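Take a look at the letters that make up each chain.
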Amino acid sequence: MNDTVITIVAIFLAAILMFIFPLMTIADRNDDISQQALQTVTAEFGNTISLTGKITEEAYDAYVLKISSNSGNVYEVEIECQILDENPAKKVTQVETTKIGENVYFTRYTSQNEELLKQNGEINLKEGDIVTIRVRNTNKTISQLFKKVFYGSESDYSANETSFSTVVKANGQG
Amino acid sequence: MKLQHMTVIFIIIVLPITLVLSYYIQAQIDIVTLRQSYTANLINATHDAMLAYELNTMNNEYSDVADSKKRDVQASINTFFNSFVNQFNTSGYKKEDIEPYIPAIIFTCYDGYYIYSPMDSYERYTYEENPNLEGEVKSDNKKTEYTLKPYVYYSARYKHGSNTDVVINYSLDNYISIYGELNGNYISEAGYVMTNNLGVDDDNSGSYSETVFTEESYLQEGSLYWDNDLQLYIYLNKDSGNDYYKISGFSGGTKPNTQVQKKIVKTNTSYRFYNIDGTIRKVYDSEFDNDVKFYLSGSNTRTYIKTYSSTYRIINSNYPLNADYDIPTGTAERNRFEATKKELIEVKPNDYNAVANKINQNTLSSLKAIQASDIMINGTNVSSVDDNSPYAVFKNDNTKIFDDTIENIDSNFNEHRKKVIKASIEQNMQLALNSYAQNNTSLKLPKLTEEDWDKILNNITMFTFMQGMPLKNTVYNDYVIATSNANKDYIPENGLYFIDNTNTYHKINCKTLANNIKNRTTDPNSLMGYSAVEFERHYIRPDTSTQQTNYYKHEGVFACYDCIVTSNTPELYVGNELNIDSTIGASAVNTLKQKYYNALAMARLTQNRATKYLEN
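Residues numbered from 1 in each chain as written. Chains lettered and ligands numbered in written order. Predicted model: local features only at pLDDT ≥ 70, side-chain atom pairs only at ≥ 80, totals over all residues. Heavy atoms only, no water.

### A look at the overall build of chain A
The criterion, for reference: For the purposes of this entry, the term helix denotes a DSSP run of H or I that reaches at least four residues, the term strand denotes a run of E that reaches at least two, and both are numbered from the N terminus. The size measure is the radius of gyration over C-alpha atoms, and the globule rule it meets is 2.2 Å times the number of residues to the 0.38 power. Relative accessibility under 20% of the residue-type maximum defines a buried residue, over 50% an exposed one, and the middle range a partly exposed one, all with a 1.4 Å probe and only protein chains included. Residue contacts are counted whenever heavy atoms from the two residues lie within 4.5 Å of one another. Using a 1.4 Å probe, the Shrake-Rupley method yields the accessible areas, and only the shown protein chains count as cover for residues. Under the counting rule used here, the positive set is Lys and Arg, the negative set is Asp and Glu, and His together with the chain ends is not counted. One atom stands in for each charge, and that atom is NZ of Lys, CZ of Arg, CG of Asp or CD of Glu.
When you go through chain A residue by residue, the secondary structure sums to five helices and six strands. N-terminal to C-terminal, the α/β element order of chain A is α-β-α-β-α-β-α-β-β-α-β. Computed over its C-alpha atoms, the radius of gyration of chain A comes to 24 Å, more than 25% above the 16 Å expected for a compact globule of 174 residues. With the C-alpha coordinates of chain A rotated into their principal frame, the extents come out at 95 × 35 × 20 Å. By residue count, 42% of the 174 residues in chain A fall in the buried class. Intrachain contacts of chain A at a sequence separation of at least 6 include 74% that bridge at least 24 residues. Total accessible area computed for chain A in this model is approximately 9,300 Å², and 58% of it derives from carbon and sulfur atoms. Taken as two groups, the 15 positive and 23 negative side-chain charges of chain A have centres that lie 3 Å from each other.

### Some details on the interface of chain A and chain B
The condition that has to hold: Two parts placed together each lose some accessible area under a 1.4 Å probe, and adding up what both lose gives the buried area. We define a polar contact as two N or O atoms separated by no more than 3.5 Å, with the added condition that, inside protein, one atom must be a possible hydrogen donor and the other a possible acceptor, whereas residues neighbouring each other in sequence contribute only through side-chain atom pairs. Only Asp, Glu, Lys and Arg are considered charged in this grouping, and only Ala, Val, Leu, Ile, Met, Phe, Trp, Tyr, Cys and Pro are considered nonpolar; every other residue, Gly among them, is considered polar.
Counting from both sides, the interface comprises 45 residues of chain A and, opposite them, 51 residues of chain B. Carbon and sulfur atoms supply 57% of the area buried between chain A and chain B, which totals about 4,000 Å² over both sides. Remark: the boundary between chain A and chain B carries seven residue pairs in polar contact (both at pLDDT 80 or more). For the side of chain A that touches chain B, the elements supplying multiple residues, two or more each, are α1 (2-52), β2 (75-85), α3 (87-95), β3 (104-108), α4 (110-120) and β4 (122-124) of chain A. No other element matches the 19 residues that α1(A) contributes to the side of chain A that touches chain B. In terms of residue class, the side of chain A that touches chain B is made up of 18 nonpolar, 16 polar and 11 charged.

### Here we look at the packing of aromatic side chains
All names here are of chain B. The following threshold applies: In summary, the pairing rule links any two rings of Phe, Tyr or Trp, Trp by its six-membered ring, whose centres are within 6.5 Å, and it sorts them by plane angle into stacked for under 30 degrees, edge-to-face for over 60 and tilted for everything else.
Applying the stated criterion across every chain, the model contains 26 aromatic pairs over all chains. Relative to Phe84, the ring of Phe80 lies with its centre 6.0 Å away and its plane at 20°, an arrangement referred to as stacked. Of this pair, Phe80 and Phe84 both sit in helix α2 (residues 66-86), four residues apart, which is roughly one turn of that helix. What makes Phe80 buried here is its relative accessible area of 0%. Taking relative accessible area as the criterion, Phe84 reaches 0% and is therefore assigned buried.

### A few points about the sheet that holds strand β6 (residues 161-167) of chain A
Residues and elements named next belong to chain A. This is how the line gets drawn: Here a strand pair is declared whenever DSSP counts at least two bridges between the two strands. Lines fitted to the C-alpha atoms define the axes, with helices restricted to the stretch that makes contact. Angles between their N-to-C directions range from 0 to 180 degrees.
Strand order in the open sheet formed by four strands is β3-β2-β5-β6, with antiparallel pairing between adjacent strands. Every interior strand has two partners, whereas the edge strands, β3 and β6, have only one. The sheet shows a mean angle of 15° between the axes of neighbouring strands, taken without regard to direction. As defined by bridge partners, strand β5 (residues 130-137) adjoins β6 across seven bridges and the pair is classed as antiparallel. Within β6, the position partnered with Arg134 by the bridge is Ser163. Those strands touched by α4 are β2 and β3, and its axis lies near 90° from that of β2.

### Observations concerning empty space enclosed by the protein
Residues and elements named next belong to chain A. Applicable threshold: Cavities and pockets are found on a 1 Å grid laid over the protein atoms alone: a cavity is a set of points where a 1.4 Å probe fits but cannot escape, a pocket is an open set with protein on both sides within 12 Å along at least five of seven lines, and a lining residue has an atom within 4 Å of such a point. Grid points are joined across faces, edges and corners, and a volume is the space filled by probe spheres set on the points.
Throughout the structure, instances matching the rule amount to six cavities of 30 Å³ or more. In this structure, the second largest cavity is lined by Ile55, Tyr60, Ile79, Thr110, Asn113, Glu114, Leu117 and Ile123. Looking at the lining of the second largest cavity element by element, the count peaks at four residues for α4.

### Brief notes about the side chain of Thr132(A)
All names here are of chain A. The residue Thr132 is located in strand β5 in this model. With a relative accessible area of 10%, Thr132 lands in the buried category. A polar atom in the side chain of Thr132 sits 3.4 Å from the side chain of Ser165. In this view, Thr132 contacts Glu78, Ile79, Glu80, Gln82, Phe164 and Ser165; residues no more than four positions away in its chain are not counted.

### Brief notes about the nonpolar core
All names here are of chain B. Rules: Think of a nonpolar core as a cluster: buried Ala, Val, Leu, Ile, Met, Phe, Trp, Tyr and Cys residues, connected wherever their side-chain atoms sit within 4.5 Å.
Core analysis: the largest hydrophobic core is formed by 87 residues, its most contacted members being Tyr158, Ile176 and Phe402. Top contributing element to this core by residue count: helix α7 (residues 412-437), with nine residues. Leaving out residues up to four positions away in the same chain, Ile176 has contacts with Ile168, Asn169, Tyr170, Glu189, Ala190, Gly191, Val193, Ile359, Leu367, Phe402 and Phe413. Counting 54 residues, the second largest nonpolar core, distinct from the first, contains Leu513, Cys560, Ile584 and Ala599.

### Considering the pairing of β2(A)
Residue and element names in this part refer to chain A. Of all 11 residues in β2, eight are buried; the element is thus mostly enclosed. Examined bridge by bridge, β2 and β5 share eight bridges and lie antiparallel to one another. Bridge pairing links Tyr75 to Asn137 in β5.

### Observations concerning the packing of α7(B) against helix α8 (residues 450-458) of chain B
Helix-helix packing: each pair is described by the crossing angle between the helix axes and the interaxial distance. Residues and elements named next belong to chain B. How we decide: Note that the term roughly parallel is reserved for angles under 35 degrees, roughly antiparallel for angles over 145, roughly perpendicular for angles of 65 to 115, and oblique for everything else.
Remark: α7 packs on α8, axes separated minimally by 11 Å, with the N-to-C direction vectors making an angle of 105°. Here α8 runs roughly perpendicular to α7, going by the angle between their axes. Where α7 abuts α8, its residues Arg417, Lys418, Ile421, Lys422, Ile425 and Glu426 lie against Glu450, Trp453, Ile456, Leu457 and Asn458. Here the contact of α7 with α8 is composed, by residue class, of five nonpolar, one polar and five charged.

### Some words on the pattern of salt bridges
Basically, it comes down to this: Here a salt bridge means any side-chain nitrogen of Lys or Arg lying within 4 Å of a carboxyl oxygen belonging to Asp or Glu.
Considering all chains together, one arrives at 14 salt bridges over all chains under this definition. With a shortest N-O distance of 3.1 Å, Asp129(A) and Lys126(A) are connected by a salt bridge. Of the two residues, Asp129(A) and Lys126(A), neither departs from the other in class, the shared state being buried. Here Asp165(B) makes a salt bridge to Arg157(B), at a shortest N to O gap of 2.8 Å. When salt bridges that share partners are traced, they join Glu78(A), Glu80(A) and Arg134(A) into one network.

### What to know about the sheet that holds strand β27 (residues 558-559) of chain B
All names here are of chain B. Strand order in the open sheet formed by four strands is β24-β22-β23-β27, and the pairing between neighbours is mixed. The sheet terminates laterally at β24 (528-531) and β27, the two strands that pair on one side only. Across four bridges, the pairing between strand β22 (residues 496-499) and β24 is antiparallel. Bridged to Tyr497 within β24 is Tyr530. Where helix α11 (residues 586-605) meets the sheet, it contacts β22 and β24, and its direction lies at approximately 120° from that of β22.

Pasting the structure below:
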């Protein structure tokens, strides 16, 4: 009887060690690679926006395609543009020429940006505007599934998530 | 073998593999993260350098003096290195640590460029060291110095036939300088290249005397009619019949003076070009007592269109026609009026004529024979250069450079100009890189994309390379191109703002401006155009004893939220035409075009240029 129990435990342990453990390890590494690829592609996209001063529909679509095709995950992309308004600072300077005054930023959110992209085919920005890109995956990766099964982890955290923010350095108007 | 033994053996084999794999992946992740950090640093440092250049030139009244510009560029490069090393906070890098990884920094200006790159220099013997070898090079004492090389113009030498051998310096727009022998005559000239591709005799004098006229005819009477578009129809009495012409862009007048008079036309008249029945005619206007006269220029004839300078009554389609204005009231006449009215369509105004200096038309005519394949490289024709040379694009290229469509975006002139600039930069970049690489033949020039070249060929840019920077177990290679958005060296075509009568400044193709014109809250004639640089913050020092003051040159004006703050405007050009909303009416469109080209000409007149002394 004892031998049978030990045998079953051994088989169970062997299965975990020989199959589950390597699979989980590889799945974790896969998530790390996807995360790195996501960061790289997002940084490249953000730098292009910063140096050209515009977000084109082609570049945006290519970016979304690239991040999806790299890892097979489904991503949710948020692009926010903080538009610089120097008029308040000019009003201060009008009164007192030696003052600098504060510029103001107002935010244009993802849905507004997507609408503009669809309408005009591109979004033009100017020097001083700030662009923030946030990406997170919305599907469950294999690693997350394993963790849910073996650790009971039910959290909604994303395996792959990144954000990138940059100040635009060129005026985009052609 | 028992299962547990197999399991242990399996673990012994797999665990190290997994550990090594994890370590390797982590190392790759670290490399990529560090690479992104270096890229961000490079971009920020290049941008800081460009900002420093803009700040220095904005507040330097001697920017167009060669030495001053060289100092500004040198300061900009120092800013690049300072900014780059400062971003490596705790690493303790100095400029000397970073310089070996910078093969070249290229700073493109309006009509040429600087290259900052390493070069070998040798010490020479002094008299005290060795009187016999004084001035001789110490061959064993080579050192590498990073210096700003002399300014390289965007130039090309052309040899056409036996009596034309000229050097032409190009720029970022249609401004050129020409030196050399042209059709046997030595010339040294600079100015804007503009064509009269409109088929009109270009008379630069602008003054006429009565003896030129062989025929004069005046309108017996003028018929004025405003339609819903507020366009003015002028009844033009030509010699052989009656034709009705519509002139747009003209404000109203009173009842015409029907007395036929002969007057001397005043000098310095201004003119515009109109397309009349498919022929481009020059239409002059001159002050004539209280009336404004328009007349057509023929080969020795003047046919006058008499118009009126005071307020007209606006007549809409439901308003009865006013007989005082002698507008045809009968159906047949009215039908004939409607059938024969022709529209004077103003063509793209050559307002550069009025303000900017142009290349003499005779010089331009002589240049028309030159073709791209006439380029000379190192004293020989371009046909003999190696196929890998950047100038190989001109081999067998028989395109006439100075054709009749120079101002068009896709003209032969513009395409050739860009190729010359590109070839010059590529050639000198390769030379700089060769000098940097020495024996390291694996270093190659990065392949620039079309977008990169577009930036370089249309802006003042700073172009930094980084090569061979250690990055864990690999090296970092990258380049960054930063463009200047506000400088006095070059006013790009989208670098103009227009202040309206509500103290708001717009771009010329702003949708809000167009709506305001349609709603009549903005008068297009009230627009005043300035370069975008003038809306940047400046500083002045009123005198040596008072402190510096920061100010905005145009006080009390604010940016339009549609076109300036949110940059929500369409492309400035559609084809070769300005992209102005046509629903504002032809008259307003013409006014805006005129305002735009006048402002562009004025802005470019004040650009910093080293060859100003050669202008006419």
